[in-house]
Amino acid sequence: RPQKLTQNCLLDHFWHVPVYQDSTGVQANAQKLPCTLFIRQTDYTDGTDGSDWECKVSAKDAQNAGASATANSAMVEIDGIDLVLAAKPDLQSGVTTLFAEGATLSDRTLTITASNTLSFDEISSSSTRRKRRKLSTTTGNLEVLVVRVTTNDGSLTKDAAGISDDMFGTGTDLVNFKSQTEACSNNAVTITPGTGSGIGCISDAGYAAGTTTTGETADCNWFENQMEGSARDECSSAVYGDLVDVNGSGRTARQACCVCNGGTPQSYNNDAMMTDGVIDISVNVNANGLNRFDLEDLVHNELEDLFYVTDLGDRFDNVLMCVPEGTFRASDNSVGWIAYAYVGGLLSVYNGDDQCNDPSTHLHEVGHNWGLEHASDNNDCIDDVLGNGYCNIEYGDMTGVMGYSRGQYDEAIFGNKYCFNGAHSWQLGWYTAYDHEIADPLTTAYVGKLAGVGKLPNVGTDESVVLKLAYSIQDYYVMYNHAIGANEGTVEGPNTVTVTSKETVAQSKTFLLAELQAGDWFTAQSSTGVPLFTIYVTAIDDSATGSADIEVFPGAFADRPEVPTGTPGSNGDPHFKTWKNEHYEYHGQCDMILVKDPDFADGLGLEIQIRTKLVRYWSYIKSVAIRIGNDILEVEGS
């Protein structure tokens, strides 16, 4: 197979950092290029988790770290992560890059000492210093590759067709990763099974000035200008990679990326290895006794070879890797792991048949790829063997999939049909048309209705899916956990109003604070115990078309304002009824303000005025004017 292009497509153009070579006197295994920081979240069968910072190194750095001689990248552990966090506490997984001048690489580890100079940057979709790797995306059409791994001593029970059915519903499986993602997102995300053929890139020794040895050309000035000044990632296969150069060269952005960096486009066809989005990969190692991250690297490098890319993110939006049981991690010698994923990355890995078959586990791990942390329960407590009590259980919030993975087949009564909690739903941005935010501080009472995710898209104009109360340190999210449709299998608190919190920093887990039934309330307090606001549930309708009625008001429950319960209005000659069901008559002639609400419709404002006309000794309503925003409707009787 021809050698694939090993240059970072945009590195030479846009990463102006010192490159340390042997001739400079710096150690040969010193870090030479910035690496991208990732949190690797590992879920274990005993309910615990492992959260580790890793760094994705490229090219020679990967090889110095112990990867194969042809590896384009590798994930390495960080010895000295405390120094990194001390220098920059607000690291963002999949976004922050690190260069430690003088740090060394060996044995899958980047070793950082106090003598190393640390520098940070960020991968940003709007940055003019474009890096090659595209950011994880949570909306639009996502092309997903599933990898079925076979080792010398192990394989998965289901073949590629069976796994494809579990992932994409290509057979008879009605509840799968694709169906749940699309249903939970209200089709803000659509999942497309990955394909095996396309155009990759190989290195070209005869490359010169935008022309390959085979005579293929690209307008590199156009390409570089587009990459430098555009918020788009033209190397992204899912969004812009197949768009044609607007200068008329006929070359797609991905091909231009290849040619403009010293390569030749190379067609590939892996269809014989693929079945409906699932590729079969065999590696010549034993799973039992093997470090699971070594197996990941072997499979990852094989995929890059097959698709002629130096980063799988150039070809796919997400990669789900299913491996045989038996692998472990040297530092904890644990074989009881469920799955792991890189927060803000594209890869998630599943251990054995049960995890590869379970759509809730898929959503949980891909949720990490989408930037979500675990969902904890502020009310759950356990005792350790010494009798010490611990609360805030890491996976305790089972109202959504970012709690502990269920590991159940979807043949169960409700299957694994449940979605995300309120904080994560807001973070994903799937329901923006149905969300409502109240900014700090809450000064007046809010009365509204909440519709569950399973009701989408049939949500009323007076209903919200998620209500957010924004505060300076942490935000609060209110959601109706309606057990219907895509959410009918929710494990915890079905048909209750849930309250979750999340710190305002990007990399933070969520906490379940309350599950409220009709008549229940929850009061949020400041760090000094001062009541901030109270959420009161007045009614819950758990029918298929139902919703939850809530009130939110400043202070404690005792501060609850008198909320109107009547149906006010005016009619006849004329008769008036107030919000408090008080009835009276008025026989005068004038213009009167019947209703005024400046906060109506998110600040548009509502005002209704009536004009009465005197006839002998009584009067009647002659005309009505209704103003919403700047629009006015006038109605006059005959």
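This text goes with the structure placed above it.
Residues numbered from 1 in each chain as written. Predicted model: local features only at pLDDT ≥ 70, side-chain atom pairs only at ≥ 80, totals over all residues. Heavy atoms only, no water.

**What about helix 8 (residues 292–307)?**
Right, on to step 1. Helix length check: helix 8 (16 residues) gives 23 Å between terminal C-alpha atoms against 22 Å at 1.5 Å per residue, within 8%.
Right, on to step 2. Extensive coverage of helix 8 is indicated by the burial of 13 of its 16 residues.
Right, on to step 3. Tyr308, located one to two residues past helix 8, shows a positive phi value of around 50°. (Helix = DSSP H or I, 4+ residues; strand = E, 2+ residues; numbered from the N terminus. Expected span 1.5 Å × (residues − 1). Buried < 20%, exposed > 50% of the residue type's maximum accessible area, 1.4 Å probe, protein only.)

**Describing unusual backbone geometry**
Right, on to step 1. Cis geometry marks the peptide bond from Leu456 to Pro457, where omega comes out at 0°.
Right, on to step 2. Along the polypeptide, Pro457 turns up in the loop between strand 20 (446–450) and strand 21 (463–464).
Right, on to step 3. A positive phi angle, close to 50°, is found at Asp107, a residue other than glycine.
Right, on to step 4. Structurally, Asp107 can be placed in the loop between strand 5 (104–106) and strand 6 (109–111).
Right, on to step 5. Residue classification places Asp107 among the exposed residues on the basis of a relative accessible area of 67%.
Right, on to step 6. With a phi close to 65°, Asn187 is a non-glycine residue in the positive phi region.
Right, on to step 7. On the secondary structure map, Asn187 appears in the loop between helix 5 (177–184) and strand 9 (189–193).
Right, on to step 8. You can call Asn187 exposed: its relative accessible area is 52%.

**Some details on the pairing of strand 24 (residues 497–503)**
Residues in a regular strand project their side chains so that they alternate between the two faces of the sheet.
Right, on to step 1. Most of strand 24 is tucked away, with 6 of its 7 residues classed as buried.
Right, on to step 2. Strand direction decides the pairing type here: strand 23 (residues 474–480) and strand 24, joined by 7 bridges, are antiparallel. From the neighbouring strand, Met479 faces strand 24, where its bridge partner is Thr498.
Right, on to step 3. Sheet topology note: the strand 24/strand 25 (residues 510–516) ladder contains 6 bridges and is antiparallel. Its bridge partner being in strand 25, Ser501 is matched across the sheet by Phe511.
Right, on to step 4. Turn length for the strand 24-strand 25 hairpin, with the two strands adjacent in sequence and antiparallel, is 6 residues. (Pairing = 2+ DSSP bridges.)

**Here's the deal with the state of the cysteines**
Right, on to step 1. Evaluated as defined, the whole model comprises 3 disulfides.
Right, on to step 2. Across the disulfide, Cys35 is cross-linked to Cys55 (sulfur-sulfur distance 2.0 Å). Its torsion about the S-S bond being 85°, the disulfide of Cys35 and Cys55 is classed as right-handed. Separated by 20 residues along the polypeptide, Cys35 in strand 1 (residues 35–44) and Cys55 in strand 2 (residues 49–58) bring together distant segments of the chain.
Right, on to step 3. Between the sulfur atoms of Cys184 and its disulfide partner Cys419 the distance amounts to 2.0 Å. One disulfide, between Cys184 and Cys419, carries an S-S torsion of -80° and so falls in the left-handed class. Here Cys184 is found in helix 5, whereas its partner Cys419 is found in the loop between strand 18 (389–393) and helix 11 (422–428), with 235 residues between them in sequence. Exposure class is identical for Cys184 and Cys419. Each is buried. (Disulfide = S-S within 2.5 Å.)

**A look at the nonpolar core**
Right, on to step 1. Grouped together as the largest cluster of nonpolar side chains are 42 residues, with contacts concentrated most on Met167 and Phe420.
Right, on to step 2. Take this core: its biggest share by element is 4 residues, from helix 4 (residues 160–168).
Right, on to step 3. Grouped together as the second largest cluster of nonpolar side chains are 32 residues, Leu145, Val147, Leu312 and Tyr340 included. (Core = buried A, V, L, I, M, F, W, Y, C linked by side-chain atoms within 4.5 Å.)

**A short note on the sheet that holds strand 20**
Right, on to step 1. With respect to topology, 5 strands assemble into an open sheet ordered 21-20-28-27-26, the strand pairing being mixed. In this open sheet, the two strands that pair with only one neighbour each are strand 21 and strand 26 (521–525).
Right, on to step 2. Pairing geometry for strand 20 and strand 21, over 2 bridges, is parallel. Within strand 21, the position partnered with Leu450 by the bridge is Ser464.

**Side note on the packing of aromatic side chains**
Right, on to step 1. This structure, assessed with the given rule, holds 17 aromatic pairs.
Right, on to step 2. Relative to Trp430, the ring of Phe420 has its centre 5.7 Å away and its plane inclined at 75°; by these criteria the two rings are edge-to-face. Here Trp430 lies in the loop between helix 11 and strand 19 (436–438) and Phe420 lies in the loop between strand 18 and helix 11, a separation of 10 residues in the sequence. Accessibility classification places Phe420 together with Trp430 in one group, the buried group.
Right, on to step 3. Taken together, a centroid distance of 5.1 Å and an interplanar angle of 85° make the contact between Tyr476 and Phe533 edge-to-face. Of this pair, Tyr476 sits in strand 23 while Phe533 sits in strand 27 (residues 531–540); the two residues are 57 residues apart in sequence, bridging distant segments of the chain.
Right, on to step 4. The ring of Phe293 has Arg40 sitting right over it, with the charged end atom 3.5 Å from the ring centre. (Phe/Tyr/Trp six-rings, centres within 6.5 Å; stacked < 30°, edge-to-face > 60°. Lys NZ or Arg CZ within 6 Å of the ring centre and 35° of its normal.)

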